[in-house]
Amino acid sequence: MNLKYLLFNNLLSRWLHLLPFTGVLITFLSITAGANELKEQEYNKADSIAFSKNYMVSAANPYAVRAGLEILKQGGTAADAAVAIQLVLNLVEPQSSGIGGGAFLLYYDGLNRELVTYDGRETAPEKTTQKLFINKNGVPLKFINAVVGGRAVGTPGTLALLETIHKHHGKVEWKDLFESSIRLSERGFTVSKRLHDYLRGNYGNYLRTFKTARNFYFPGGQPIKNGDLLKNLSFAKTLKLLSKEGVKVFYEGSVADGIENTVKNSAVNPGLLSKSDLKKYRVIKRPPICHYYRKHKICGMGPPSSGAIAIGQILGMLENFNLSELGPKNTYSWHYISEASKLAFADRNKYVADPDFVKVPTQELLNSHYLKTRAKLISSKRSIFTPAPAGNPKPKISRIYSSDPGESRSGTSHISIIDQYGNAISMTTTIEGPFGSQLMTNGFLLNNELTDFSFAPSRDGRLIANRVEPLKRPRSSMSPTMVFDNDDNLKLVIGSPGGARIIGYVVKTLIAVIDWNLDIQSAINLGHVVNRNGNTEIEFSTDAMKFANRLESLGHKIKIRKLNSGLHGILVTNDTITGGADPRREGVAQGN
Ligand code: GLU
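The rules behind the values
Residues numbered from 1 in each chain as written. Predicted model: local features only at pLDDT ≥ 70, side-chain atom pairs only at ≥ 80, totals over all residues. Heavy atoms only, no water. Helix = DSSP H or I, 4+ residues; strand = E, 2+ residues; numbered from the N terminus. Rg over C-alpha atoms; globule rule 2.2 N^0.38 Å. Buried < 20%, exposed > 50% of the residue type's maximum accessible area, 1.4 Å probe, protein only. Contact = heavy atoms within 4.5 Å. Areas by Shrake-Rupley, 256 points an atom, 1.4 Å probe, with all protein chains shown as cover. Disulfide = S-S within 2.5 Å. Pairing = 2+ DSSP bridges. Salt bridge = Lys/Arg side-chain N within 4 Å of Asp/Glu carboxyl O. Polar contact = N/O pair within 3.5 Å; in protein donor to acceptor, adjacent residues only side chain to side chain. Near = heavy atom within 4 Å. Expected span 1.5 Å × (residues − 1). Arc of directions from axis to C-beta. Axes fitted to C-alpha atoms, helices over the stretch in contact; angles between N-to-C directions. Parallel < 35°, antiparallel > 145°, perpendicular 65-115°, else oblique. Left-handed = near helix turned anticlockwise from the far one by under 90°. Nonpolar A, V, L, I, M, F, W, Y, C, P; charged D, E, K, R; others polar. Core = buried A, V, L, I, M, F, W, Y, C linked by side-chain atoms within 4.5 Å. Right-handed = clockwise from strand over helix to strand, strands pointing away.

Helix and strand content of the protein: 22 helices and 26 strands. On C-alpha atoms alone, the protein measures out to a radius of gyration of 22 Å, which is about the 25 Å that the 2.2 N^0.38 rule sets for 592 residues. With the C-alpha coordinates of the protein rotated into their principal frame, the extents come out at 60 × 55 × 55 Å. Per-residue burial over the protein gives 64% buried out of 592 residues. Sequence separation of at least 24 residues holds for 72% of the intrachain contacts in the protein that already meet a minimum separation of 6. As presented, the protein carries roughly 21,900 Å² of accessible surface, and 51% of it is formed by carbon and sulfur atoms.

Rendered as structure tokens:
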């Protein structure tokens, strides 16, 4: 690593930390350590803290935030705003999310003080077999070889999810929620630096192997540039159809034809997704998974996401340590967080998968006695050797499964909304990797979510819970979260992209707010230290780098790298609503 560069970045980031509320946009270059990341990327430092009395949106792109605010201003609900925001994100941040993907959503009904979760996760096509990701020699495919093309495309759930929340919680007419996205698709939007960087990076190279995407994103052979005006007329056409005819056209009509043909006839890895899979797709309403942490109720998405269970386990173990006394500047805070995280990931990798296919011991995993026993494995003297083995919360189940960490890339976005009626949404939405499967139809990209399954069905003679099965939903790490205070009032709405690191990003933010009393923007800004039961990853170019030597001396295997979260959160205190957006991406928080 270039030392001069490192020092420069360090100085700059320290200086930036002195300016938490200036609202200025400062850009600088940063070098990444991860081989799969962009080599050189602009780092947007736009402290976006926003205060309001009535409503607030925090999301990954200013166009999308604006679309949501327009709806909220007219009296729309959080559900209405989520529809408008997601459609615009599909257009302006196509590498991350869209109607070709899936999502999980927490909906808090402010009037009835009721929280529900909606599972709009992709499903494996009915014709899928356990050999989906096994080559002809019986060996699991290399991850990237499975990503590109039709093979990993799961039945998209995002649109069905949007329709469901609109039906149950919306006020504004469905067709009116399409105004911003149709207008921007037809008249064009300014391409962002982040989209351009992705187009000229590795994933852009995969994308340009497919004709439809190549013609659209690489006119004349060159990637669309930041600052260019980009129109997406075929997406506008799809949006118009959806606005008039509803989501049936996507799940049964002409858009479904386009999806089936694109997947089936993919030049690489033709896939199995068919119109009959699309027609059968259902959103599942599931009870939230809630647990207590220092008198706060933390609620999130249960299986098939591993988010709420892992967060609950980490915080449950950390209840045994006095983090508020230690504070964010003490190495031991990060040591304990990393250790608890290792142990939680060990359980996640073994026990969590689609609950409609495998018995997930959710209650046992979150049981406070069990977590106390697990926390006893954490020592102040020495870090746990990785990979730490899973615990034994329920012997009958522990014997059946073998462990598998899975792998995922970061093509995801998080949306947090509070409306003027006190309703709130926390929605994490994804097409899995950047640009998903790289297949494009009707102006949008299709996901590669099935690569979130474990590629091998078994290991050492034992089944892997997250193995591929027809109509099953792959395990996720997405962690849309809401926190309620002692009086059961909504306090925090948060979530992030980032593959399995999402869990660590969200945990850090929760601790920063609850234990360290930071405001939402400072909590988001705080440098990351994450552990997925392997290396302890420390965020490059942040104050967290100061902990590296001390953690190493405790036995952590340290890796310093860019950790590109996309935390978007809203904090409610007394009568003020405060929004924060991750400076590591292009998002903003805005309210009124
Ligand atoms: N597909 C991943 C999951 O569901 C999310 C990937 C990301 O965060 O970008 O866990």
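Following the criterion strictly, the structure yields one disulfide and no others. Residue C290 pairs covalently with C299 via a disulfide, S to S 2.2 Å. Residues C290 and C299 are joined by a disulfide whose S-S torsion is about 115°; by sign, that bridge is right-handed. Residue C290 is classed as partly exposed on the basis of its relative accessible area of 32%.

The strand order across the open sheet formed by three strands is β12-β18-β17, and the pairing between neighbours is mixed. Edge positions in the open sheet fall to β12 (401-402) and β17 (458-459), since each of these has one partner strand only. Pairing of β17 with strand β18 (residues 462-464) involves two bridges; the strand directions are antiparallel. From the neighbouring strand, R459 faces β18, where its bridge partner is R462.

This brings us to the pattern of salt bridges. Here the idea is simple: oppositely charged side chains can pair when their charged atoms come close. Applying the stated criterion across every chain yields a total of 27 salt bridges. Residues D452 and R121 are paired through a salt bridge, measuring 2.8 Å at the closest nitrogen-oxygen approach. With D452 in the loop between β16 (444-445) and β17 and R121 in the loop between β6 (114-120) and α4 (143-147), this residue pair connects regions lying 331 residues apart in the sequence. A single burial state applies to D452 and to R121, both of which are buried. With a shortest N-O distance of 3.1 Å, D197 and R200 are connected by a salt bridge.

Let us now look at the environment of S454. Here S454 shows up in the loop between β16 and β17. Here the alpha-carbon distance between S454 and S416, two residues 38 residues apart in the chain, equals 30 Å. In this structure S454 touches D404, I464, N466, R467 and V468, once residues within four positions along its chain are discounted. A distance of 2.9 Å separates a polar atom in the side chain of S454 from a polar atom in the side chain of D404.

This part covers the site of the ligand. The ligand sits among 16 residues. The nearest are T412, E449, D452, S477 and G499. G411 is positioned with one of its backbone polar atoms (N or O) 2.8 Å from an oxygen atom of the ligand. The backbone of S477 places a nitrogen or oxygen atom 2.7 Å from an oxygen atom of the ligand. Summarising the interface, the protein chains cover 100% of the accessible area of the ligand, which totals 300 Å² for the free molecule.

As for its position among the elements, T430 is in strand β14 (residues 424-432). Residues in contact with T430, not counting those within four places in the same chain, are S96, S97, G101, G102, R121, E122, G411, T412, E449 and M478.

Turning to helix α10 (residues 233-245), a few remarks are in order. Counted at 1.5 Å a residue, the expected span for α10 with its 13 residues is 18 Å, and the 18 Å between its end C-alpha atoms agrees. Among all positions of α10, only F235, A236, T238, L239, L242 and S243 are buried. Taken around the axis of α10, the buried residues stretch over an arc of 160°, which confines them to a single face. Looking at α10, the residues exposed on the side facing more than 90 degrees away from the buried face are L233, K237, K244 and E245. In the core, the buried residues of α10 are packed alongside α3 (78-92), α5 (158-169), α6 (179-187), α11 (248-251), α12 (254-264) and β16. Directly after α10, the chain includes G246, whose backbone phi takes a positive value near 80°.

With that out of the way, let us pick up the packing of helix α14 (residues 307-318) against helix α16 (residues 331-351). Their axes nearest at 9 Å, the elements α14 and α16 cross at an angle of 135°. Considering the angle they form, α14 stands oblique to α16. Between α14 and α16 lies a crossing of right-handed hand. Residue-level inspection shows A310, Q313, I314, M317 and L318 of α14 in contact with α16, the latter providing Y336, I337, A340, S341, L343, A344 and D347. Partitioned by chemical class, the residues of the contact of α14 with α16 number nine nonpolar, two polar and one charged.

Glancing now at the sheet that holds strand β20 (residues 490-494). Taken in spatial order, the seven strands line up as β3-β25-β24-β20-β19-β11-β10 in an open sheet, and their pairing is antiparallel. The sheet is open, and its two edges are formed by β3 (50-52) and β10 (289-293), each paired on a single side. Neighbour-to-neighbour, the strand axes of the sheet open up by a mean angle of 20°, direction not taken into account. Pairing between β20 and strand β24 (residues 568-573): two bridges, direction antiparallel. Paired with L492 across the bridge in β24 is L571. Together, β10, β11 (296-300) and β19 (481-484) form the strand contacts of α14, whose direction differs from that of β10 by roughly 15°. Packing of helix α20 (residues 502-514) onto the sheet brings it into contact with β10, β11, β19, β20 and β24, and relative to β20 it is tilted by some 150°.

The subject of this paragraph is the nonpolar core. With 93 residues, the main nonpolar core has I85, F133, Y217, F250, I259, I417 and I425 as its most contacted residues. Of all the elements, α3 adds the most residues to this core, at twelve residues. Y108, A344, A375 and V493 belong to the second-largest nonpolar core, a separate cluster that totals 82 residues.

The angle between the axes and the distance between the axes are what describe a pair of packed helices. Running from amino to carboxyl end, α3 crosses α5 at an angle of 155°, the nearest separation of the two axes being 8 Å. Accordingly, the angle class assigned to the pair α3 and α5 is roughly antiparallel. Where α3 crosses over α5, the two elements pack in a sense that is left-handed. Every residue of α5 that contacts α3 at A79, D80, A82, V83 and Q86 is listed here: T158, L162, I165, H166 and H169. Among the residues making up the contact of α3 with α5, the classes are represented as five nonpolar, four polar and one charged.

This part takes up the pairing of strand β23 (residues 558-561). With four bridges joining them, strand β22 (residues 536-539) and β23 adopt parallel strand pairing. Its bridge partner lying in β23, E537 is registered against K559. Crossover handedness for the path β22 to helix α22 (residues 548-553) to β23: right-handed.

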